Amino acid sequence: MSNQKQQKPTLTGQRFKTRKRDEKERFDPSQFQESIVQGLNQTGTDLEAVAKFLDTSGAKLDYRRYAETLFDILVAGGMLAPGGTLSEDMTCTEFCVFKAQEDMETMQAYAQVFNKLIRRYKYLEKGFEEEIKKLLLFLKGFTESDRNKLAMLTGILLANGNLSASILSSLFNENLVKEGVSACFAIKLFKSWLSEKDINSVAGSLRKVGMDNRLMELFPVNKRSSEHFSKYFNEAGLKELSDFAKNQESIGARKELQKEIEDQMIITYIREEIKKNNISEQTMIGLIWSSVMSSVEWNKKEELVTEQAIKHLKQYSPLLKAFTSQGLSELTLLLKIQEYCYDNIHFMKAFQKIVVLFYKADVLSEEAILKWYNEARLSKGKSVFLEQMKTFVEWLKNAEEGSHS
């Protein structure tokens with residue numbers, strides 16, 4: 001047999017050096033930007049022509065991949081670096097939102113360009129919302145005129161239903177709030193929105209995404225009062241919005257009061273049952289814990305169930321607190337939590353967060369937690385739960401030593 005390696009058979013025919021799929025892997029927005037900028041420079045201020053150009057370009061250019069680049073160019077004239085400055089190493093265009101006239105009519109025309117583009121390429125919807133959220137976070141990097149145009153445009157797009165009101169969450173960014181940028185921007189945005197739709201429509205959009213009770217967050221903590229809110233928006237000529245926020249606050253207060261009354265009624269009823277049937281507090285806290293945990297359809301995803309559990313248990317803290325007046329009841333509750341988190345695998349990582357929540361709500365005392373940690377825990381998932389609690393227990397011990405010294 002010859003020592004030479006046998007030649008492997010080869011396929012004949014045309015051979016491609018790179019597959020199309022491999023070519024697309026490289027993310028290079030510069031060529032995409034060149035094409036869009038060139039097209040916008042040719043169409044100029046004729047926004048009808050701009051809309052047509054964007055419509056036809058979607059067939060040739062990869063909008064799905066370069067959505068952020070596309071929207072950056074249409075709004076700011078070129079790709080934006082973090083913070084909101086234009087990337088200097090690429091060509092930009094003068095034909096964009098930020099270089100346009102600062103008036104409602106022009107912004108309405110631009111809103112139509114975005115509307116047509118997103119209706120034609122439905123997959124851009126999510127990318128567009130992400131873009132607006134990002135632009136709102138960059139507000140400090142823009143000029144006052146740019147902010148005004150963006151506020152008007154965003155208000156119109158919200159009114160047209162092209163955006164969800166959830167994008168407003170970007171305005172609650174701590175730095176923007178602290179410097180008054182958020183509140184100032186919100187004035188312009190709501191004026192624009194309310195020039196297109198009435199307050200009921202605006203309120204409906206806010207309510208849909210849970211933003212109706214969060215408008216106070218546009219102000220720094222020391223200014224979050226209904227008086228300041230009313231004064232600020234009334235002076236800006238937005239009395240409707242101010243009245244709406246006031247109404248929301250009073251609804252919230254009524255709901256809270258109703259919840260307190262219901263809690264008190266339940267607590268009174270349970271106390272009567274304990275007396276009548278001679279049930280111990282330890283038995284009762286176990287029953288309450290089981291009822292509270294079985295009243296919910298829990299999320300199957302581990303990372304989401306913790307958040308859901310904390311939100312749910314927060315509501316029931318006053319009830320649980322009423323029946324942990326004895327150290328033994330607190331310990332019973334701790335063991336029930338441990339058992340539940342062990343038996344329900346999705347809750348394994350939630351144990352420490354539940355205990356900390358109950359500590360902050362005065363349901364569990366540090367004595368009970370330390371007793372559980374040092375000696376009284378169950379063997380179920382012991383090592384996992386002790387590890388989870390380690391840092392918090394050390395903090396408790398140090399806090400205790402500090403108070404005695």
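Heads up: the structure comes first, above all this text.
Model, not experiment: these values are computed from the prediction. (Residues numbered from 1 in each chain as written. Predicted model: local features only at pLDDT ≥ 70, side-chain atom pairs only at ≥ 80, totals over all residues. Heavy atoms only, no water.)

(A) View of empty space enclosed by the protein. All chains considered together, the criterion is met by 1 cavity of 30 Å³ or more. Approximately 50 Å³ is the volume found for the largest cavity. Forming the boundary of the largest cavity are Leu40, Gly44, Leu47, Val50, Leu74, Phe95, Cys96, Tyr110 and Val113. Counting only elements with at least two residues in the lining of the largest cavity, the list comes to helix 3 (47-60) and helix 5 (104-120). Residues that form the lining of the largest cavity fall into these classes: 8 nonpolar, 1 polar and no charged. (1 Å grid on protein atoms, 1.4 Å probe; cavity = no way out; pocket = protein on both sides within 12 Å on 5 of 7 lines; lining within 4 Å. Points joined across faces, edges and corners; volume = space filled by probe spheres on them. Helix = DSSP H or I, 4+ residues; strand = E, 2+ residues; numbered from the N terminus. Nonpolar A, V, L, I, M, F, W, Y, C, P; charged D, E, K, R; others polar.)

(B) Highlighting the packing of aromatic side chains. Considering all chains together, one arrives at 24 aromatic pairs under this definition. Plain terms: the ring middles of phenylalanine 98 and phenylalanine 142 are 5.0 Å apart, the flat faces sit at 65 degrees to each other, and that makes the pair edge-to-face. With a gap of 44 residues between them, phenylalanine 98 in the loop between helix 4 (67-76) and helix 5 and phenylalanine 142 in the loop between helix 6 (124-137) and helix 7 (144-160) connect regions that are remote in the sequence. Pairing tryptophan 289 with phenylalanine 358 gives two aromatic rings, centres 6.4 Å apart and planes at 80 degrees, and the pair type is edge-to-face. Here tryptophan 289, found in helix 13 (residues 281-294), pairs with phenylalanine 358, found in helix 16 (residues 351-360); they are 69 residues apart in sequence, far enough to count as distant. (Phe/Tyr/Trp six-rings, centres within 6.5 Å; stacked < 30°, edge-to-face > 60°.)

(C) Representation of the pattern of salt bridges in the model. Per the counting criterion, the structure on display carries 18 salt bridges. Here lysine 231 ties to glutamate 235 by a salt bridge, and the two come within 3.1 Å at their closest N and O atoms. One end of the pair, lysine 231, and the other, glutamate 235, are both in helix 11 (residues 226-235), 4 residues apart, so they sit about a helical turn from each other. Because the salt bridges share partners, they merge into one network encompassing Glu68, Asp72, Glu131 and Lys134. (Salt bridge = Lys/Arg side-chain N within 4 Å of Asp/Glu carboxyl O.)

(D) Quick look at the packing of helix 4 against helix 6. Where helix 4 meets helix 6, the closest approach of the two axes is 9 Å, and the angle between their N-to-C directions is 55 degrees. The angle between helix 4 and helix 6 places the two elements in the oblique class. Where helix 4 crosses over helix 6, the two elements pack in a sense that is right-handed. Along the contact surface, helix 4 presents Ala67, Glu68, Leu70, Phe71, Asp72 and Val75, while helix 6 presents Leu124, Gly127, Phe128, Glu131, Lys134 and Leu135. For the contact of helix 4 with helix 6, the residue count by class is 7 nonpolar, 1 polar and 4 charged. (Axes fitted to C-alpha atoms, helices over the stretch in contact; angles between N-to-C directions. Parallel < 35°, antiparallel > 145°, perpendicular 65-115°, else oblique. Left-handed = near helix turned anticlockwise from the far one by under 90°. Contact = heavy atoms within 4.5 Å.)

(E) How the structure looks around the side chain of threonine 332. Within the secondary structure, threonine 332 sits in helix 15 (residues 327-343). Setting aside chain neighbours within four positions, we find threonine 332 in contact with Gln282 and Ile285.

(F) Local environment of the packing of helix 9 (residues 181-196) against helix 10 (residues 199-208). Closest axis-to-axis distance for the helix 9/helix 10 pair is 8 Å, and the angle between their directions is 120 degrees. Relative to helix 10, the element helix 9 lies oblique. In contact with Phe190, Trp193 and Leu194 of helix 9, helix 10 contributes Ile199, Val202, Ser205 and Leu206. Its residues assigned to classes, the contact of helix 9 with helix 10 comprises 6 nonpolar, 1 polar and no charged.

(G) Expanded view of the state of the cysteines. Scanning the entire structure with this criterion turns up 0 disulfides. The thiol of cysteine 92 is unpaired, and the distance to the nearest cysteine sulfur, on cysteine 96, comes to 8.6 Å. (Disulfide = S-S within 2.5 Å.)

(H) Layout of a nonpolar patch on the surface. Together, Leu257, Ile261 and Met265 make up an exposed nonpolar region whose accessible area comes to about 320 Å². Position of leucine 257 relative to the elements: it lies in helix 12 (residues 239-277). (Patch = residues over 30% accessible without salt bridge, like charges linked within 9 Å, V, L, I, M, F, W, Y side chains within 5 Å. Areas by Shrake-Rupley, 256 points an atom, 1.4 Å probe, with all protein chains shown as cover.)

(I) Examining the environment of asparagine 344 more closely. Turning to its location among the elements, asparagine 344 is positioned in the loop between helix 15 and helix 16. On the basis of relative accessible area, asparagine 344 is assigned to the partly exposed category, the value being 28%. Sequence spacing of asparagine 344 and lysine 60 is 284 residues, and the spatial spacing of their C-alpha atoms is 52 Å. In terms of polar contacts, asparagine 344 uses its side chain to reach the backbone carbonyl oxygen of tyrosine 340, at 2.9 Å. (Buried < 20%, exposed > 50% of the residue type's maximum accessible area, 1.4 Å probe, protein only. Polar contact = N/O pair within 3.5 Å; in protein donor to acceptor, adjacent residues only side chain to side chain.)

(J) Main features of helix 16. Taken as a whole, helix 16 has its buried residues at Phe351, Ile354, Val355, Val356, Leu357 and Phe358. Count one or two residues on from helix 16 and you reach aspartate 362, which has phi positive near 65 degrees.

(K) View of the nonpolar core. Membership of the largest hydrophobic core comes to 77 residues, with the highest contact counts inside it found for Leu168, Phe190, Trp193 and Leu206. The residues touching tryptophan 193, leaving out its near neighbours within four places in the chain, are Gly155, Leu158, Ala159, Ala165, Leu168, Val202, Ser205 and Leu206. (Core = buried A, V, L, I, M, F, W, Y, C linked by side-chain atoms within 4.5 Å.)

(L) How the structure looks around the environment of tyrosine 373. Here tyrosine 373 is to be found in helix 17 (residues 366-376). With a relative accessible area of 17%, tyrosine 373 lands in the buried category. When neighbours within four sequence positions are excluded, tyrosine 373 is seen to be in contact with Leu386, Met389, Lys390 and Val393.

(M) Broad picture of unusual backbone geometry. At asparagine 278, a position not held by glycine, the phi torsion is positive, near 55 degrees. Its location among the elements puts asparagine 278 in the loop between helix 12 and helix 13. Taking relative accessible area as the criterion, asparagine 278 reaches 71% and is therefore assigned exposed. At aspartate 362, a position not held by glycine, the phi torsion is positive, near 65 degrees. The residue aspartate 362 is located in the loop between helix 16 and helix 17 in this model.

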